[in-house]
Amino acid sequence: MTTYDGDERAAGRPLLDPLAAVREPGDPACDVYLTGTVFLDIIFTGLDSAPIRGTESWARGMGSSPGGVANMATALARLGLRTSLAAAFGDDHYGDYCRDALDRGEGIDLALSRTIPGWHSPVTVSMAYEGERTMVSHGHEAPPPEEPAPSCPPPARAAIASLVPGRREEWVAEAARKGSRVFADVGWDDTGRWDPADLADLEHCEAFLPNAAEAMSYTRTDCPRAAARALADRVPLAVVTLGAEGAYAVDGRTGETAEVPAIEVEALDPTGAGDVFVAGFVTGTLADWPLADRLAFAGLTAALSVQEFGGSLSAPGWVEIAAWWQHTRAYDDQPLRRYAFLDRILPAAARPWPLRRAVPTIGFRRA
């Protein structure tokens, strides 16, 4: 496991390379490729309840950060994966902020991204309360790309796709043809069809990671574990997230199953937790960890993320993970002993380097 000191982290390098043991000459320069829409997220927390029509609500906390596909890209980069993102950015202040945060702040490769003159950045306002969130978004679809980046992905160890029911994405098939291991999640089916045939791109995927409601709807089952077993007939690895219960996975190639309970934490903002979970699972899979360890690590990173504001900038890095484990192992807590695998992964004591977090506003000049 390769580690770096704090000065190198300041230069944009992570504290730990989780794939150091599996890297070989001739490997792709990119670990993970993804594409999608970047939003400017404005997050309100500390609301006692959902906003009520005709009244004004005051939030006790607020943050702003890049959102959308930036959630996943940032989580991957903070875990030490060499991440390439193809996305459109507006040429407004929001776009400049998001691009700077991802490029210079997180070290994400944006060579396949583009800035579109006259196009404004999509915006999402997220309101967190009672462990849930409500979102309002505004934006316009970006014009057709001047370069065919999304349909011609670069060689990469892995690609992450967000499947759209009923629509094929040619770049997913192309990524698989180039040897990328494709991991996919899916959004809510607003049509109510929940037709398994609408997920045609699963044939190119190595892993599918829906939540319990999505998995049961597509498999016509009433149990998320049964849903995972059914999905494993269509994709080599099915992972179903169970909310407060944790996650359950089935390896359709070997028949292996694993279930890991969630870590109980006080959630400040759940925005982006699912993206962080996927990033943690992808990291463990590319590093060839055992299936149960991958589930546990994914759940841990998601649990740490909900204790910070925002989607992308709430993602933990290795220093935060190491600090959690150092604190946790001081207690004789039997359930948390399953995280002992972190002892062989985490770096030796390293000088902390503060991660960028969501702030109430953007555009402050540095002193």
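Parameters at a glance
Residues numbered from 1 in each chain as written. Predicted model: local features only at pLDDT ≥ 70, side-chain atom pairs only at ≥ 80, totals over all residues. Heavy atoms only, no water. Helix = DSSP H or I, 4+ residues; strand = E, 2+ residues; numbered from the N terminus. Buried < 20%, exposed > 50% of the residue type's maximum accessible area, 1.4 Å probe, protein only. Contact = heavy atoms within 4.5 Å. Areas by Shrake-Rupley, 256 points an atom, 1.4 Å probe, with all protein chains shown as cover. Axes fitted to C-alpha atoms, helices over the stretch in contact; angles between N-to-C directions. Parallel < 35°, antiparallel > 145°, perpendicular 65-115°, else oblique. Left-handed = near helix turned anticlockwise from the far one by under 90°. Phe/Tyr/Trp six-rings, centres within 6.5 Å; stacked < 30°, edge-to-face > 60°. Pairing = 2+ DSSP bridges. Arc of directions from axis to C-beta. Polar contact = N/O pair within 3.5 Å; in protein donor to acceptor, adjacent residues only side chain to side chain.

Student: Could you clarify how one ought to interpret the overall build of the protein chain in this entry?
Tutor: Counting its secondary structure elements, the protein chain contains nine helices and 16 strands. Counting across all 367 residues of the protein chain, residues that qualify as buried make up 49%. A sequence separation of at least 24 residues applies to 67% of the contacts in the protein chain between residues at least 6 apart. Accessible surface computed for the protein chain: about 17300 Å², of which carbon and sulfur atoms make up 52%.

Student: Just to check I follow, could you spell out the packing of helix α2 (residues 69-78) against helix α7 (residues 273-286) for this structure?
Tutor: Relative placement of two packed helices is described by the angle separating their axes and the distance separating the axes. Packing of α2 against α7 leaves a shortest axis separation of 8 Å and a crossing angle of 40°. Put simply, α2 runs oblique to α7. Of the two possible hands of crossing, α2 and α7 adopt the one that is right-handed. Where α2 approaches α7, its residues Asn 71, Met 72, Ala 75 and Leu 76 are matched on the opposing element by Asp 275, Val 276, Val 278, Ala 279 and Val 282.

Student: Would you explain unusual backbone geometry in this entry?
Tutor: Of all residues except glycine, most have a negative phi; of all peptide bonds, most are trans. Despite not being glycine, Arg 220 has its phi angle at roughly 55°, a positive value. Mapping Arg 220 onto the fold places it in the loop between α5 (212-219) and α6 (224-231). Relative accessible area serves as the criterion here: at 54%, Arg 220 is assigned to the exposed category. In this structure, Asp 288 takes a positive phi of about 65° despite not being glycine. Within the secondary structure layout, Asp 288 lies in the loop between α7 and α8 (291-305).

Student: Which parts of the structure should I look at to understand the packing of aromatic side chains?
Tutor: Each pair of aromatic rings is reported with the distance of its centres and the angle of its planes. Applying the stated rule across the entire model yields nine aromatic pairs. An angle of 85° between the planes, with centres 5.1 Å apart, marks the rings of Trp 289 and Phe 297 as edge-to-face. Grouped by ring-pair contacts, the aromatic residues Trp 289, Phe 297, Trp 318, Trp 324, Trp 325, Tyr 339 and Phe 341 constitute a single cluster.

Student: Would you explain the sheet that holds strand β4 (residues 38-45) in this entry?
Tutor: Strand pairing in a sheet is mediated by backbone hydrogen bonds. Such pairs are either parallel or antiparallel. With respect to topology, four strands assemble into an open sheet ordered β5-β4-β9-β10, the strand pairing being mixed. Strands with a single pairing partner mark the edges of an open sheet, and in this sheet they are β5 (61-68) and β10 (132-138). Between one strand and the next, the sheet's axes are offset by a mean angle of 20°, whatever the strand orientation. For β4 and β5, the ladder comprises eight bridges, and the chain directions are antiparallel. Paired with Leu 40 across the strands is Pro 66, a residue of β5.

Student: I'm lost on helix α3 (residues 93-103) in this one. Help?
Tutor: Given 3.6 residues to a turn, an α-helix orients residues that are three or four positions apart in the same direction. Those residues of α3 that sit buried are Gly 95, Tyr 97, Cys 98, Ala 101 and Leu 102. Here the buried residues of α3 occupy an arc of 160° about the axis, which is enough to place them on one side. Taken together, the buried residues of α3 touch β4, β5, α2, β6 (83-86) and β7 (88-90).

Student: Help me out: how do you make sense of the sheet that holds strand β13 (residues 207-208) in this one?
Tutor: Pairing is mixed in the open sheet, where eight strands are placed in the order β6-β3-β11-β12-β13-β14-β15-β16. Both edges of this open sheet fall to β6 and β16 (257-260), since each of them pairs with a single strand only. Here five bridges tie strand β14 (residues 237-241) to strand β15 (residues 247-251), and the two strands are oriented antiparallel to one another. Looking at β15, one finds that Ala 238 is bridged to Val 250. Together, β14, β15 and β16 form the strand contacts of α8, whose direction differs from that of β16 by roughly 30°.

Student: Would you mind showing me how to read the pairing of strand β9 (residues 123-129) here?
Tutor: Where a strand is regular, its side chains alternate between the two sheet faces. Counted residue by residue, β9 has six buried out of seven residues, so it is predominantly covered. Alignment of β4 against β9, held across five bridges, turns out to be parallel. Counted as the bridge partner of Ile 43 is Ser 126 from β9. Pairing analysis gives seven bridges linking β9 to β10, with the strands arranged antiparallel. Paired with Tyr 129 across the strands is Glu 132, a residue of β10.

Student: Please explain the side chain of Thr 74 as it appears in this structure.
Tutor: Checked against the element boundaries, Thr 74 lands in helix α2. For Thr 74, a relative accessible area of 0% corresponds to the buried category. Ignoring sequence-local partners within four residues, the contact set of Thr 74 consists of Leu 102, Glu 106, Ile 108 and Ser 312.

Student: What's the story with the environment of Arg 294 in this structure? I'm lost.
Tutor: On the secondary structure map, Arg 294 appears in helix α8. A relative accessible area of 12% places Arg 294 in the buried class. Taking the C-alpha atoms as reference points, Arg 294 and Gly 280, separated by 14 residues in sequence, lie 7.3 Å from one another. Once residues within four sequence positions are removed from consideration, Arg 294 is found in contact with Leu 237, Phe 281, Gly 284, Thr 285 and Trp 289. Here the side chain of Arg 294 touches Thr 285 through a polar contact of 3.2 Å, side chain to side chain.

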